[in-house]
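Commentary on secondary and tertiary structure
Single-letter residue listing:
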Amino acid sequence: MFMGEYVHTIDAKGRIIIPSKFREELGEEFVLTLGLDGCLFAYPYSEWQIFVEKLKTLPGTKEARQLQRYFMAGAAACQADKQGRILIPAKLRESAALEKEIVFVGVLNKIEIWNKERWEQNNQYDDVDSIAEHMSQYGINF
């Protein structure tokens, strides 16, 4: 399980060091893809396979096809080098506006990779009490 928040910098070549707390859980090979809310998602290969199987079960609607293409077209298999760095493909860097300071956020079965400014804009919890109240319909009570 991934949890925690770590700030790193991306170099001029588009490489970034994966936080050491995440490296072992990610494994030798993992998948990087477009995420939601303007970030990227990094999945351990085993979790990626589970996610892909769920995408396969979606109905043949236009929305489902768009969602499948969204996650699959930009996906890239990644391996960290000996220094724990990965090269984020240019298309993914541009999509997530990854330029200088990057935030890695552990979210259960995946890692979100954010532009630091975007993270700060999206990381507002003004309505978290209201959100938490609605979670009871999913069996989560606080």
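What you are looking at is a predicted structure, and each value in this text was computed from that prediction instead of being measured. (Residues numbered from 1 in each chain as written. Predicted model: local features only at pLDDT ≥ 70, side-chain atom pairs only at ≥ 80, totals over all residues. Heavy atoms only, no water.)

What about the pairing of strand 5 (residues 76-79)?
Regular strands place their side chains on alternate faces of the sheet. Which entries qualify depends on this criterion: Partly exposed describes any residue whose relative accessible area lies between the buried limit of under 20% and the exposed limit of over 50%, with all areas from a 1.4 Å probe on protein chains only and scaled to the type maximum. Secondary structure elements are defined from DSSP: runs of H or I of at least 4 residues count as helices, runs of E of at least 2 residues count as strands, and each element is numbered from the N terminus. Two strands are counted as paired when DSSP detects at least two bridges linking them.
Here strand 5 shows a buried face lined by Ala76 and Cys78 and an unburied face lined by Ala77 and Gln79. Direction of pairing for strand 3 (residues 29-34) relative to strand 5: antiparallel, over a ladder of four bridges. Bridged to Glu29 within strand 5 is Gln79.

Brief notes about helix 2 (residues 45-56)
Helical periodicity: at 3.6 residues per turn, an α-helix aligns residues three or four positions apart in one direction. As a reminder, the rule being used: For a helix, the expected span equals 1.5 Å multiplied by the residue count minus one. Here the arc refers to the set of directions running from the helix axis out to each C-beta atom. Note on contacts: a residue pair is in contact if any heavy atoms of the two residues lie within 4.5 Å.
Here helix 2 contains 12 residues, and its C-alpha end-to-end distance of 16 Å stays within 8% of the 16 Å for a straight helix at 1.5 Å per residue. Residues of helix 2 that are buried: Trp48, Phe51, Val52 and Leu55. Buried residues along helix 2 cover an arc of 100° about the axis, so they all sit on one side. The outward face of helix 2, more than 90 degrees from its buried face, is lined by the exposed residues Lys54 and Lys56. Lining the buried residues of helix 2 we find strand 3, strand 4 (40-44) and helix 3 (62-73).

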